[in-house]
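Each chain is listed here by its residues.
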Amino acid sequence: MVDHTHALSFGVAASDYDRFRPRYPKAAVRWALDGLSEARVVDLAAGTGILTRAVLALGHEVVPVEPDPGMRAQLAASTPGTAALAGSAEAMPLPDSTVDAVLVGTAYHWFDRERAHPEIVRVLRPGGIFAPIWNIRDASVDWVAEVGRIAHFGDKSTSQVFGERPDFGPAFDAVEKREFTHRTTLTPDELLGMVRTRSYWLTASTDDQRRVERELTELLNTHPALVGRDTIELPYRTLVLRTRRR
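Residues numbered from 1 in each chain as written. Predicted model: local features only at pLDDT ≥ 70, side-chain atom pairs only at ≥ 80, totals over all residues. Heavy atoms only, no water.

### Re the overall build of the chain
Basically, it comes down to this: Put simply, DSSP marks the helices as runs of H or I at least four residues long and the strands as runs of E at least two long, and each gets a number from the N terminus on. A 1.4 Å probe rolled over the protein chains alone gives each residue an accessible area, and that area as a share of the maximum for its type sets the label: buried under 20%, exposed over 50%, partly exposed in between. The contact rule is simple, with two residues in contact once any of their heavy atoms fall within 4.5 Å. Only the protein chains shown count as cover for residues, and all accessible areas are computed by the Shrake-Rupley method using a 1.4 Å probe. Counted charges follow a simple rule, with Lys and Arg positive, Asp and Glu negative, and His plus the chain ends left uncounted. The atom standing in for a charge is NZ when the residue is Lys, CZ when it is Arg, CG when it is Asp and CD when it is Glu.
In terms of helices and strands, the chain carries 11 helices and seven strands. Each of the 246 residues in the chain was classed as buried or not, and the buried ones make up 52%. A fraction of 77% describes how many contacts in the chain between residues 6 or more apart in sequence connect residues 24 or more apart. Looking at the chain as shown, the accessible area adds up to about 11500 Å², and 48% of this sits on carbon and sulfur atoms. Averaging the locations of the 30 positively and 33 negatively charged side chains of the chain gives two centres separated by 3 Å.

Structure representation (structure tokens):
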């Protein structure tokens, strides 16, 4: 079942979300769109426009769709000339068969799939691309895993979301998968700022928020890879699933 309390918790922190959340590697976005040129692309659950701006930078037209008014306002402020439509994965305010691709940046796991898949099929042209993308911290690094444990990140790999063989249903071709690596540079304060944009933090009690801050501060002050660092290189794995509408 989709947890809408968590899914719609981000708007109150929209400015910090846009500032601290990681960007998507250009190579990952380019692969997701499979060489499309000047395509019309929906950024579904667009948030503050982080993925929207990456797609715009590749020369495509982007139609952001986002249910949270706070996130839509931040997207407009951060992405001059672009405004998000009010809508969701389950109900997009778009005509049938009018877009070349639908991308989803680190949000597909919030969707009601039984309702979202037919809606994505509806707006895509035949042969159009559907590609969910996730930025996931690389928990093979011990201090990154510890940050995740303290802050209750709960990142899901695609195998946890779909099993070993991702499948979006009979309206789509077989799913291709690709992984990209990158890093983002944060100060210790920015790392704490990023944690404060997570759904667990935004819906946690004041006591739990204080515990997270206390334990993260202790980690920053004691872990050999972090002590005394002005900046921290936070490693990410960007996972892309790509399929086409039949």
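From this point on, the discussion continues.
### A few points about the pattern of salt bridges
Threshold: Within this document, salt bridges are pairs made up of a side-chain nitrogen of Lys or Arg and a carboxyl oxygen of Asp or Glu, the two lying within 4 Å of each other.
The final tally for this structure, using the stated rule, is 15 salt bridges. Residue Arg 149 pairs with Glu 146 through a salt bridge whose shortest N-O separation is 2.6 Å. Of this pair, Arg 149 and Glu 146 both sit in helix H7 (residues 142-151), separated by three residues, roughly a single helical turn. Between Arg 196 and Glu 213 there is a salt bridge, with its nearest N and O atoms 2.7 Å apart.

### So, the packing of aromatic side chains
The cut-off we apply is this: Pairing of aromatic rings covers Phe, Tyr and Trp, the last through its six-membered ring, and needs centres within 6.5 Å; plane angles under 30 degrees mean stacked, over 60 mean edge-to-face, and all others mean tilted. Whether a charge lies above a ring is judged from NZ of Lys or CZ of Arg, which has to be within 6 Å of the ring centre and within 35 degrees of the ring normal.
Taken as a whole and judged by the stated rule, the model has seven aromatic pairs. Their ring planes at 65° and their centres at 4.9 Å tell us that Phe 130 and Phe 168 sit as a pair that is edge-to-face. Residue Phe 130 is found in strand S5 (residues 124-137), and its partner Phe 168 is found in the loop between helix H8 (158-162) and strand S6 (176-186); the two are separated by 38 residues along the sequence. Phe 168 shares its class with Phe 130; the two are buried. Pairing Phe 168 with Phe 172 gives two aromatic rings, centres 6.1 Å apart and planes at 70°, and the pair type is edge-to-face. On the accessibility criterion, Phe 168 (4% relative accessible area) is buried. Here Arg 242 stacks its cationic end above the ring of Trp 31, 3.9 Å away from the centre of that ring.

### Brief notes about the nonpolar core
Using the following cut-off: In this text, buried Ala, Val, Leu, Ile, Met, Phe, Trp, Tyr and Cys residues form a nonpolar core when linked through side-chain atoms within 4.5 Å.
In terms of nonpolar packing, the biggest core is built from 25 residues, with Val 42, Leu 44, Met 92, Val 102, Phe 111, Ile 120 and Phe 130 touching the most fellow members. Mapped onto this core, the elements with two or more residues apiece are strand S1 (40-44), strand S2 (61-66), strand S4 (99-105), helix H6 (113-123), S5 and strand S7 (232-244). Beyond its immediate stretch of four places on either side in the chain, Met 92 contacts Val 42, Leu 44, Val 65, Glu 119, Ile 120, Arg 122 and Val 123. Grouped together as the second largest cluster of nonpolar side chains are 23 residues, Tyr 17, Leu 51, Ala 54 and Leu 103 included.

### Observations regarding the sheet that holds S7
Quick reminder of the rule: Strand pairing requires that DSSP identify at least two bridges connecting the strands. Only the contacting stretch of a helix is used when fitting its axis, a line to C-alpha atoms as for every element, and angles between N-to-C directions run 0 to 180 degrees.
Read across the sheet, seven strands follow the order S3-S2-S1-S4-S5-S7-S6 without closing on themselves; strand pairing throughout is mixed. Lying at the two open borders of the sheet, with one neighbouring strand each, are strand S3 (85-86) and S6. Direction of pairing for S4 relative to S5: parallel, over a ladder of six bridges. Bridge pairing in S5 places Val 104 opposite Pro 132. Across the sheet, H6 lies against S1, S4 and S5, angled at about 130° from S5, the strand it touches most. The strands that helix H9 (residues 188-195) touches are S5, S6 and S7; relative to S7, the one it contacts most, it runs at about 40°.

### Structural notes on the environment of Val 29
The residue Val 29 is located in helix H3 (residues 26-32) in this model. Along the primary structure Val 29 and Val 55 are separated by 26 residues, whereas in three dimensions their C-alpha atoms are 6.9 Å apart. Ignoring sequence-local partners within four residues, the contact set of Val 29 consists of Tyr 24, Leu 51, Ala 54, Val 55, Leu 58 and Leu 103.

### As for the side chain of Asn 135
Within the fold, Asn 135 resides in strand S5. For Asn 135, a relative accessible area of 6% puts it in the buried group. Residues contacting Asn 135, with those up to four places away along its chain left out, are Pro 22, Arg 23, Tyr 24, Pro 25, Thr 106, His 182, Tyr 236, Arg 237 and Thr 238.

### Some remarks on the packing of H7 against helix H11 (residues 206-222)
Stated precisely, the cut-off is as follows: The cut-offs work like this: below 35 degrees is roughly parallel, past 145 is roughly antiparallel, 65 to 115 is roughly perpendicular, and the gaps in between are oblique. Here a crossing is called left-handed whenever its near helix is offset anticlockwise from the far helix by less than a right angle, and right-handed whenever the offset is clockwise.
Put simply, H7 and H11 touch, their axes get as near as 9 Å, and they point 165° apart. On the basis of their axis angle, the class for H7 and H11 is roughly antiparallel. Considering only the axes of H7 and H11, their crossing is right-handed. Residue-level contacts link Trp 143, Glu 146, Val 147, Arg 149, Ile 150 and Ala 151 of H7 to Arg 211, Val 212, Glu 215, Leu 216 and Leu 219 of H11.

### Some words on the side chain of Thr 243
Put simply, the test is: Polar contacts, as used here, are pairs of N or O atoms within 3.5 Å; protein pairs need one atom able to donate a hydrogen and one able to accept it. Residues neighboring in sequence count only if both atoms are side-chain atoms.
Tracing the sequence through the fold places Thr 243 in strand S7. The exposure class assigned to Thr 243 is buried, which follows from its relative accessible area of 2%. A distance of 2.6 Å separates a polar atom in the side chain of Thr 243 from the backbone oxygen of Asp 173.

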